[in-house]
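These are the residues of each chain, in order.
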Amino acid sequence: MNWRALFKPSAKYSILALLVVGIVIGVVGYFATQQTLHATSTDEFCMSCHSNHSLKHEVLASAHGGGKAGITVQCQDCHLPHGPVDYLIKKIIVSKDLYGFLTIDGFNTQAWLDENRKEQADKALAYFRGNDSANCQHCHTRIYENQPETMKPMAVRMHTNNFKKDPEARKTCVDCHKGVAHPYPKG
């Protein structure tokens, strides 16, 4: 087939052909990107680099590991934002972790995790404080109003009093609930 002949007859057909090709490439690229982002957000993918760490077992042993509510939290529920733009930005930022996995000697060992746990935990806490624990509040939507009946009276009082404060003066979830899914190092 003579492609030049297809696009040469008039500028109108050339622009239309370019537009169609551009749309097809854009749609294929969009869906390929979505599939890649989804595939790299699964627990299985996360555990491919953290397979020798205790992280998964820590979550399963915590309240987030299928406790009273019977819900097991996945890595991405806490570690990735739920809004599409923030999600994409965070995925780009954490892509550097792959480089760390490939270059840090002993990264996929429990010894490395134990040695670096405080630094990694502090980075995670800074992330949560920076977005007012948005990932926590994504699931715990009724924490300030219409609290569940199973919540202890003291917790209801503390959350209610915190909500009454000016937004700048409020504590965020991780200020009181540090180490809920992964133990926070002592000291």
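Residues numbered from 1 in each chain as written. Predicted model: local features only at pLDDT ≥ 70, side-chain atom pairs only at ≥ 80, totals over all residues. Heavy atoms only, no water.

Where an unreviewed UniProt entry is consulted, the protein chain appears under the name Cytochrome c-type protein, with the organism given as Shewanella cutis. In its Sequence similarities (unreviewed entry) section, UniProt records this for the protein chain: "Belongs to the NapC/NirT/NrfH family." Recorded under Subcellular location (unreviewed entry), the UniProt text for the protein chain is reproduced unchanged: "Cell membrane". (UniProt positions renumbered as here; feature names shortened; annotations may be inferred.)

## Here we look at the overall build of the protein chain
Secondary structure summary: the protein chain contains eleven helices and zero strands in total. Overall, the protein chain shows an N-to-C arrangement of helices and strands of α-α-α-α-α-α-α-α-α-α-α. Relative to its length of 187 residues, the protein chain is extended, with a C-alpha radius of gyration of 23 Å against a globular reference of 16 Å. Seen through its C-alpha atoms, the protein chain measures out along the principal axes to roughly 80 × 45 × 30 Å. Long-range pairs, those at least 24 residues apart, make up 64% of the contacts in the protein chain with a sequence separation of at least 6. For the protein chain, the computed accessible surface area is about 13,500 Å², with 64% contributed by carbon and sulfur atoms. Here the protein chain carries 21 positive and 17 negative side-chain charges, and the mean point of each set is 5 Å from the other. (Helix = DSSP H or I, 4+ residues; strand = E, 2+ residues; numbered from the N terminus. Rg over C-alpha atoms; globule rule 2.2 N^0.38 Å. Contact = heavy atoms within 4.5 Å. Areas by Shrake-Rupley, 256 points an atom, 1.4 Å probe, with all protein chains shown as cover. Lys, Arg positive; Asp, Glu negative; His and termini not counted. Charge placed at Lys NZ, Arg CZ, Asp CG, Glu CD.)

## Comments concerning unusual backbone geometry
For residues that are not glycine, phi is negative in most cases, and the peptide bond is trans in most cases. Positive phi is not limited to glycine here, since Asp132 has a value of about 55°. In this structure, Asp132 sits in the loop between helix H8 (110-130) and helix H9 (134-139). Judged by relative accessible area, Asp132 falls into the partly exposed class, the value being 41%. (Buried < 20%, exposed > 50% of the residue type's maximum accessible area, 1.4 Å probe, protein only.)

## Thoughts on H8
For an α-helix, 3.6 residues make a turn, and residues three or four places apart therefore share a direction. The terminal C-alpha atoms of H8, which comprises 21 residues, lie 28 Å apart, in line with the 30 Å expected from a rise of 1.5 Å per residue. The largest bend in H8 comes to about 65°, at Asn116. Along H8, the residues that are buried comprise Trp112, Leu113, Asn116, Arg117, Ala121, Leu125, Tyr127 and Phe128. In the core, the buried residues of H8 are packed alongside helix H4 (55-61), helix H5 (75-79), helix H6 (84-94), H9 and helix H11 (173-176). Looking one or two residues beyond H8, the residue adopting positive phi is Asp132, at roughly 55°. (Expected span 1.5 Å × (residues − 1). Bend = angle between axes of the 7 residues up to and from the residue.)

## Description of the pattern of salt bridges
Applying the stated criterion to the full structure yields six salt bridges. One salt bridge in this structure joins Lys56 and Asp43, with 2.5 Å as the shortest N-O distance. Here the residue Lys56 occupies a position in helix H4, and Asp43 occupies one in helix H3 (residues 43-49), the gap between them amounting to 13 residues. Lys56 gets classed as partly exposed once you look at its relative accessible area, which sits at 23%. The salt bridge partner of Arg129 is Asp175, with a shortest N-O separation of 2.7 Å. Linking Arg129 in helix H8 with Asp175 in helix H11, this pair joins segments that are 46 residues apart in sequence. (Salt bridge = Lys/Arg side-chain N within 4 Å of Asp/Glu carboxyl O.)

## Brief notes about the state of the cysteines
The final tally for this structure, using the stated rule, is zero disulfides. For Cys46, which is in no disulfide, the shortest distance to another cysteine sulfur is to Cys75 and amounts to 4.1 Å. Residue Cys46 is classed as partly exposed on the basis of its relative accessible area of 21%. Take Cys139: it sits in no disulfide, and the sulfur closest to it among the cysteines is that of Cys78, at 7.2 Å. (Disulfide = S-S within 2.5 Å.)

## What about the side chain of His64?
Relative to the helices and strands, His64 is located in the loop between H4 and H5. By relative accessible area, which is 19% here, His64 ends up buried. Contacts of His64, omitting those with residues within four sequence positions, involve Val59, Ile71, Thr72, Val73, His140, Val180 and Ala181.

## Observations concerning a nonpolar patch on the surface
Side chains of Leu16, Leu19, Val20, Ile23, Val24, Val27, Val28, Tyr30 and Phe31 sit close together on the surface and give an oily, nonpolar patch of about 860 Å² of accessible area. Turning to its location among the elements, Val28 is positioned in helix H2 (residues 11-39). (Patch = residues over 30% accessible without salt bridge, like charges linked within 9 Å, V, L, I, M, F, W, Y side chains within 5 Å.)

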